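# Remarks on the overall topology
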Amino acid sequence: MNSFENNAFFWQKLDTLFLSSKLVIDRPRNTCHYKYSNLVYPVDYGYLNDTTGSDQAPIDVFRGSEKSNLVQSVVISADILKKDCEVKLLVGCTEEDENDILEFLNQTEFQKAVLIRRGNEVPEWAQND
């Protein structure tokens, strides 16, 4: 049984963060990771200027090949070398883009990631929001 509640209001907040911030692409598609040359970014990768993620750096974004400004999924990664967990937004990503991103984030033994796709459900406890 899946206990994850996919709250539509959560996704609205992510859309607002994305649309109210400037996306800076600092690692274009098909470029190598700055530290690990064997890791090649499958889509554009960057961050939202003037935001703060859990690592105190700006919120990370994977920008796919579709023309969309909705956050349709997030990836949550756990890295045992950095001893952290991070949430990264996926915007304009096809299903193929999502699979490529998951493959990219899961290719080392030190980091693993999961994907959560956007939903439009409103939990019972949030009906009055």
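Just above sits the structure.
Attention in this report is confined to the structure presented alongside it. (Residues numbered from 1 in each chain as written. Predicted model: local features only at pLDDT ≥ 70, side-chain atom pairs only at ≥ 80, totals over all residues. Heavy atoms only, no water.)

## Notes on the side chain of Asp15
Assignment of secondary structure puts Asp15 in helix α1 (residues 8-19). Here the side chain of Asp15 touches Val71 through a polar contact of 2.9 Å, landing on its backbone nitrogen. With near-sequence residues (within four places) excluded, Asp15 lies in contact with Asn69, Leu70, Val71 and Arg118. (Helix = DSSP H or I, 4+ residues; strand = E, 2+ residues; numbered from the N terminus. Polar contact = N/O pair within 3.5 Å; in protein donor to acceptor, adjacent residues only side chain to side chain. Contact = heavy atoms within 4.5 Å.)

## Focus: α1
Here α1 is 12 residues long and its end C-alpha atoms lie 16 Å apart, about the 16 Å a rise of 1.5 Å per residue gives. Within α1, burial applies to Ala8, Trp11, Leu14, Asp15 and Phe18. One face of α1 carries all of its buried residues, which in axial projection span an arc of 115 degrees. Residues of α1 that are exposed and point over 90 degrees away from its buried face: Lys13 and Thr16. Check the buried side of α1 and you find it contacts β1 (23-27), β2 (44-48), β3 (60-63), β4 (71-79), β5 (84-91) and β6 (111-117). (Expected span 1.5 Å × (residues − 1). Buried < 20%, exposed > 50% of the residue type's maximum accessible area, 1.4 Å probe, protein only. Arc of directions from axis to C-beta.)

## Re unusual backbone geometry
Although it is not a glycine, Asn30 adopts a positive phi angle of roughly 70 degrees. In this fold, Asn30 is placed in the loop between β1 and β2. The phi dihedral of Asp50 is positive, around 65 degrees, even though this residue is not glycine.

## Looking at a nonpolar patch on the surface
Together, Tyr36, Ile80, Leu81 and Phe110 make up an exposed nonpolar region whose accessible area comes to about 410 Å². For Phe110, the position within the fold is in the loop between α2 (95-105) and β6. The exposure class of Phe110 is partly exposed, given its relative accessible area of 35%. (Patch = residues over 30% accessible without salt bridge, like charges linked within 9 Å, V, L, I, M, F, W, Y side chains within 5 Å. Areas by Shrake-Rupley, 256 points an atom, 1.4 Å probe, with all protein chains shown as cover. Salt bridge = Lys/Arg side-chain N within 4 Å of Asp/Glu carboxyl O.)

## Some details on α2
The set of residues buried in α2 consists of Asp97, Glu98, Ile101, Phe104 and Leu105. Projection of α2 onto a plane perpendicular to its axis shows the buried side chains occupying an angular sector of 125 degrees, all on one side. Exposed positions of α2 whose direction lies more than 90 degrees from the buried face are Glu95, Glu96 and Glu103. Elements in contact with the buried residues of α2: β3, β4, β5 and β6.

## Description of the sheet that holds β6
The strand order across the open sheet built from six strands is β1-β2-β3-β5-β4-β6, with neighbouring strands paired in mixed fashion. Two strands lie at the open edges of the sheet, namely β1 and β6, each paired on one side alone. In this sheet, neighbouring strand axes are inclined to one another by 30 degrees on average, regardless of whether the strands run parallel or antiparallel. Sheet topology note: the β2/β3 ladder contains four bridges and is antiparallel. Residue Gly46 lies in a different strand from β3, and its bridge partner there is Val61. Here α1 sits on the sheet and contacts β1, β2, β3, β4, β5 and β6; the angle it forms with β4, its principal contact strand, is near 90 degrees. Across the sheet, α2 is in contact with β3, β4, β5 and β6; its angle to β6 comes to roughly 155 degrees. (Pairing = 2+ DSSP bridges. Axes fitted to C-alpha atoms, helices over the stretch in contact; angles between N-to-C directions.)

In short, geometric facts, not functional conclusions.
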